[in-house]
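What follows is the residue order along each chain.
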Amino acid sequence: MKYKIVNINETGDRSVLIIYTGGTFGMVQDATGALAPFNFGKVVDRVPELRQLGIKLTVISFPKPIDSSNILVQDWKDMAYIIEENYAQYDAFVILHGTDTMAYSSSMLSYMLDGLNKPVIFTGAQMPIGSIRSDARENLITALEIAAAHNEGRPIISEVCVYFNHLLLRGSRAQKLRSSTFAAFESENYPVLAEAGIEIEYNYAALKPFNPDANLVVRNQLDPHVTILKIFPGITEAAVRATILEPSVKGIVLESFGSGNIMKFDWFINCLKDAIAAGKIILNVSQCVGGQVEQGKYETSKNLTRIGVLSGGDITTEAAITKLMFLLGEEKDENLRKQRLTHSLAGEMDHELD
Ligand code: ASP
């Protein structure tokens, strides 16, 4: 792929590579009035402050910036590849990305960038940079400040994060919860990593500790043969069968009620059993934004562990579906795959692998 590279500022004691993928951040209205992405060169003209931050800044732009609704597995590989290729030359990375699927990308990148010990901060905007009241400028400038922040030569952040509307969140915990306010993202099941007010206040206890010996290895075997089944009262057997017994599907995120509950009808349990007998993996996550799956807490979930449904604990759907793609591709040993699915790989769930 041919990337466009622009040097924005060549002096400063920290260097940050901005990877511009698209999103509302840099969109302009086309002839019909619909928003479509435009080139980053024009973005820089809108934020002259970028040259005054005292940070060496370079931008690599996707050849054709995209609305993040169009993100594909190949785009995740491209983002990881750009980071791998430039890892030694830069202190940190900021990925400008549409908000719609940012939480999927930040989750996936946190799995793919194994051994990361530099900041990778996703950010974007709810309103295009050209709008007078846009949130784009603040989001980008603070994401850059956080990316460049260091203590005695070590970066304060050494993981994949989302920065949005004054909050720094763990990438594998963030979710887009709102589409029409600036406060779009939260991480209900994990504390905020930092809050930007007059000062940027870091929650040091919640940050992934810096590991000076870590070496980046990009893991890019991803298998997209997965699906999500969100149950609802009245769902039909035909709809469930069509979703989870589709032959190409190897992994299913089951979005259950509350703390992991499903309807206890025989036909439903039989569908799950048939899928598991066909070699598919089922990972149970909650439809609730906060809280966790506790299989066995109610009668309506007690059979799940017995038939082989795995508990996703307090993982988000975004982190669960990307984790399934990641482990179906990367982990060939079936038992280890199941074990790794139910334990933390990148801080996406409470349960650490012992
Ligand atoms: N549709 C846009 C995108 O995700 C929305 C945004 O950036 O806020 O690319």
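See above for the structure.
Summarised in this report is the structure supplied together with it. (Residues numbered from 1 in each chain as written. Predicted model: local features only at pLDDT ≥ 70, side-chain atom pairs only at ≥ 80, totals over all residues. Heavy atoms only, no water.)

### Some remarks on the packing of aromatic side chains
This is how the line gets drawn: Classification of ring pairs uses Phe, Tyr and Trp, with its six-membered ring standing for Trp, and accepts pairs whose centres are within 6.5 Å; under 30 degrees between planes counts as stacked, over 60 as edge-to-face, and the remaining range as tilted. Only protein chains enter the accessibility calculation, which uses a 1.4 Å probe; a residue whose area is less than 20% of its type maximum is buried, one above 50% is exposed, and one in between is partly exposed. By definition here, charges over rings are those cases where NZ of Lys or CZ of Arg is within 6 Å of the ring centre and within 35 degrees of the ring normal.
Evaluation of the coordinates by the stated rule reveals six aromatic pairs. Judged by centre distance (6.2 Å) and plane angle (0°), the rings of tyrosine 87 and phenylalanine 93 are stacked. Tyrosine 87 sits in the buried class, given a relative accessible area of 12%. When the centroid spacing of 5.9 Å and the interplanar angle of 45° are considered together, the rings of tyrosine 202 and tyrosine 204 count as tilted. Given a relative accessible area of 15%, tyrosine 202 falls into the buried group. For tyrosine 204, a relative accessible area of 49% corresponds to the partly exposed category. Among the aromatic residues, those joined into a cluster by ring pairs are Tyr87, Tyr90 and Phe93. Residue placement shows lysine 118 over the ring face of tyrosine 87; its charged tip is 4.7 Å from the ring centre.

### Quick word on the pattern of salt bridges
Quick note on the threshold: Each reported salt bridge corresponds to a side-chain nitrogen of Lys or Arg within 4 Å of a carboxyl oxygen of Asp or Glu. A run of DSSP states H or I qualifies as a helix once it reaches four residues; a run of E qualifies as a strand once it reaches two. Both are numbered from the N-terminal end.
One pass over the structure, following the stated rule, counts 14 salt bridges. With a shortest N-O distance of 2.7 Å, arginine 219 and aspartate 114 are connected by a salt bridge. With a gap of 105 residues between them, arginine 219 in the loop between strand S17 (217–218) and strand S18 (226–230) and aspartate 114 in strand S7 (residues 113–114) connect regions that are remote in the sequence. A relative accessible area of 30% means that arginine 219 is categorised as partly exposed.

### Focus: the site of the ligand
Let me state the cut-off plainly: Any residue with a non-hydrogen atom lying within 4 Å of a molecule or strand is treated as near it. Contacts described as polar in this section are N or O atom pairs within 3.5 Å, which, within protein, must combine one atom able to donate a hydrogen with one able to accept it, while residues neighboring in sequence count only if both atoms come from side chains. Note on areas: Shrake-Rupley with a 1.4 Å probe; residue coverage comes only from the protein chains shown. Under the convention adopted here, Pro, Cys and the residues Ala, Val, Leu, Ile, Met, Phe, Trp and Tyr are nonpolar, Asp, Glu, Lys and Arg are charged, and Gly plus all remaining residues are polar.
Contacts to the ligand come from Gly23, Thr24, Asp67, Ser68, Gly98, Thr99, Asp100 and Ala125. In the environment of the ligand, a nitrogen atom lies 2.9 Å from a nitrogen or oxygen atom belonging to the side chain of aspartate 67. In this structure, aspartate 100 approaches the ligand through a side-chain N or O atom, which is 2.7 Å from a nitrogen atom. For the ligand, whose accessible area on its own is 270 Å², the fraction buried by protein is 91%. Here the shell around the ligand is built from residues that sort into one nonpolar, five polar and two charged.

### Some words on helix H8 (residues 317–330)
The following threshold applies: The span you would expect from a helix comes to 1.5 Å times its residue count less one.
With 14 residues, H8 extends 20 Å between its outermost C-alpha atoms, agreeing within 8% with the 20 Å of an ideal straight helix rising 1.5 Å per residue. H8 sits mainly inside the fold: 13 of its 14 residues count as buried.

### Description of the sheet that holds strand S16 (residues 200–202)
Stated precisely, the cut-off is as follows: Strand pairing is assigned whenever DSSP detects at least two bridges linking the two strands. To obtain each axis, a line is fitted to C-alpha atoms, and for helices this fit is confined to the stretch in contact; angles are then taken between N-to-C directions over 0 to 180 degrees. In this description, contact between two residues means that some pair of their heavy atoms is separated by no more than 4.5 Å.
A sheet is described by the order of its strands in space; here nine strands give the open sequence S1-S5-S2-S6-S8-S11-S12-S15-S16, paired in mixed fashion. Edge strands, defined here as strands with exactly one partner in the open sheet, are strand S1 (4–9) and S16. Each strand axis lies, on average, 20° off the axis of its neighbour in the sheet, ignoring direction. In the sheet, strand S2 (residues 14–22) pairs with strand S5 (residues 55–66) via eight bridges, with the strands oriented parallel. Within S5, the position partnered with arginine 14 by the bridge is isoleucine 55. Where helix H2 (residues 73–86) meets the sheet, its contacts fall on S2, S5, strand S6 (92–96) and strand S8 (120–123), and the angle it forms with S5 comes to roughly 155°. On top of the sheet, helix H3 (residues 102–112) reaches S8 and strand S11 (160–164); it is set at about 155° to S11, its chief contact.

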